Amino acid sequence: MPRLRKEEGSTLILLIGIVAVLAILAATLVMVSANVQGGTTTDKERVTTFDVAEAGLDATTYLLGLQNMWPTATAPYALSQKDLDDFRTEFPVADYPAAPGGKPLLTVRVCDDPSVTNSPAYDANGDNKLWVEAQANVGDKAARIRVQLLHETLSAPLLGAVVYSGDDAEKKGSGDITSTMLNGQPTGAVYVNGEFKGVGSGELDQVTLKVRDDASTNPPYPFPPLSQFMPDTYVQSLILASKTASAEALPANTHSGWKPDQGTYTAAIRVNGDLKLGAGDYTFGSVYVTGNVDKTGTGECSFAALYVGGNLDISAKTTRTWGPTYVGGNLDLTGSGTLNVSLIVVGGEIDVAGSGQISGDGVGTNAKPATIISVGQDKSVKWTGSGDFYGLLVAMYGEFDHAGSGNVHGAELAGKSWKQSGAGDIMFNSDVSVNMGNVFITTMVNNTWQEISPL
Ligand SMILES: [Ca+2]
């Protein structure tokens, strides 16, 4: 089969788009004609095989886009039997018959250079790019497509601010604010871009206090803005990294409001309206919801990637890996149990309550610390939890209210005023700082999407 020249790429994508639409129409026609005269199995397989290959490519792209899932020399990519089994449950044998000779429904090749036999299944040449090829085998038909992925890394910004208050700050709780000591000096500081009122019993002796309106604590001027710790480029990168869920899904995975049964759903899902999850365990791949998402009742849930146009309300939590999440409305985290999440970017208010632990210090097998940030104008962050939080909590353009008895291991940053009234400590912890790790953004490289000859 002839290889495509580069300049044909975008035309090809357009053509494939048209072909995909035609394929869906054809599938509908096939189903209609099947009802009338039985149809032909071959036509149907041709259509569905391409759909399966596309779902396989999408699923692999999302998987590699998860934080810390980019393949390495010690952990090269491999399609597990479990992933394959999960994938198969999305495509029942009745509609997607098994290929002869024991050929699997899906094969995936991840490699540095697809033109090289045995090209390693990780980024061996260090250019932060990998190819993904997915082949679907349905009946006696096969379809194979590929795309190149780019993996970009951004450093976490924990640069020594335990607390940043963009306006006046008030501390009246019994909680301490501390940082790891190095050679007798604190490694963290409390920055107050205004006046500081400290009346609580909490200790401040293992932290440096820098108050704009108190010259004794703030030589030299000028006072650092929040953007010194959270540069705009970094915030924009977080927003981008949080929006990895695909807005597109196959017609069978597109729902108008949805209340699914518990289970595992690997293929990309789109919900126009609200997604409601009741009691039970749910494991999702990429999920894109235009309305609200809420999880109530017992049981865990996790998402490889989640986009919520409205509010996200989670009362039951999960110890499973929960991938990048964007919430256009408000975020409410309550309940008990552990939530291991990497990144949540929120357009509205953030309210963290409940007794559960959120993420970990990243030491050994402990979960990595989380970044949970509101980027809405005047939108506040409220911490009333009694559990422990590990990572970075930010109200970029709003107020921060720390009223909980739980401890925050990491930092609290606010574009406007900050206040603390609870018994919870705020601890700038070097383990958390080191293991905040980086933000990883994985995107498809333009004009690399191709349909190729099946193997
Ligand atoms: Ca590479």
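Conventions and cut-offs
- Residues numbered from 1 in each chain as written.
- Predicted model: local features only at pLDDT ≥ 70, side-chain atom pairs only at ≥ 80, totals over all residues.
- Helix = DSSP H or I, 4+ residues; strand = E, 2+ residues; numbered from the N terminus.
- Buried ≥ 20, exposed ≤ 12 C-beta atoms within 10 Å, placed from the backbone.
- Contact = placed C-beta atoms within 7 Å.
- pLDDT = per-residue confidence, 0-100.
- Pairing = 2+ DSSP bridges.
- Arc of directions from axis to C-beta.
- Core = buried A, V, L, I, M, F, W, Y, C linked by C-beta atoms within 7 Å.
- Domains from an automatic or database assignment.

A.B. asks: Describe the overall build of the protein chain, and please don't skip the residues or the numbers.
C.D. replies: When its secondary structure is counted, the protein chain shows five helices and 31 strands. Expressed as a percentage of its 455 residues, the buried residues of the protein chain come to 44%. Considering only contacts within the protein chain whose residues lie at least 6 apart along the sequence, 50% involve residues at least 24 apart.

A.B. asks: Mind laying out the environment of Leu64, listing which residues take part and the relevant values?
C.D. replies: Position of Leu64 among the secondary structure elements: in helix α2 (residues 41-65). The partly exposed category is assigned to Leu64, around which 18 C-beta atoms lie within 10 Å. With residues up to four places along the chain from it excluded, the contact list for Leu64 reads Met69, Trp70, Leu149 and Thr442.

A.B. asks: Give me the lowdown on the confidence of the model for the protein chain, citing residues and values where you can.
C.D. replies: Summary statistics for the protein chain give a mean pLDDT of 85 and a share of 85% for residues scoring 70 or more. Within the model, pLDDT remains below 50 along residues 1-39, and this stretch shows 22 contacts once partners closer than five positions in the same chain are excluded.

A.B. asks: Any details on the pairing of strand β9 (residues 189-192)? Residues and values, ideally.
C.D. replies: Residues Ala189 and Tyr191 of β9 are buried on one face, and the alternating residues Val190 and Val192, pointing to the opposite face, are buried as well. In this sheet, β9 lies alongside strand β4 (residues 161-165) in parallel orientation, the contact comprising four bridges. The residue bridging Val163 from the neighbouring strand is Val190, located in β9. Sheet topology places β9 next to strand β11 (residues 208-211); four bridges connect them, and they run parallel. Its bridge partner being in β11, Val192 is matched across the sheet by Val211.

A.B. asks: How would you summarise helix α4 (residues 232-242) if you had to cite specific residues and measurements?
C.D. replies: All of the buried residues in α4 are Leu238, Ala241 and Ser242. Take α4 and look down its axis: the buried residues cluster within an arc of 95 degrees, on one side only. Of the residues in α4, the exposed ones pointing more than 90 degrees away from the buried face are Asp232, Thr233 and Gln236.

A.B. asks: Can you tell me about the nonpolar core, naming the residues and giving the values?
C.D. replies: If you look at the biggest cluster of nonpolar residues, it comprises 106 residues, and the most contacted ones within it are Val52, Ala136, Val162 and Val163. At eight residues, α2 tops the list of elements feeding residues into this core. When we break this core down by domain, the ones giving at least three residues each are domain 1 (40-154) and domain 2 (161-244 + 324-441).

A.B. asks: Can you break down unusual backbone geometry residue by residue, with the values?
C.D. replies: Of note in the backbone geometry, Asn183 takes a positive phi value of approximately 50 degrees without being a glycine. For Asn183, the location among the structural elements is in the loop between β7 (181-182) and β8 (185-186). The class of Asn183 is exposed, set by 5 C-beta atoms lying within 10 Å.

A.B. asks: How would you summarise the environment of Thr178 if you had to cite specific residues and measurements?
C.D. replies: Position of Thr178 among the secondary structure elements: in strand β6 (residues 177-179). The class for Thr178 is buried, based on 20 C-beta atoms found within 10 Å. In contact with Thr178, other than residues within four places in its own chain, are Gln206, Val207, Asp425, Met427 and Phe428.

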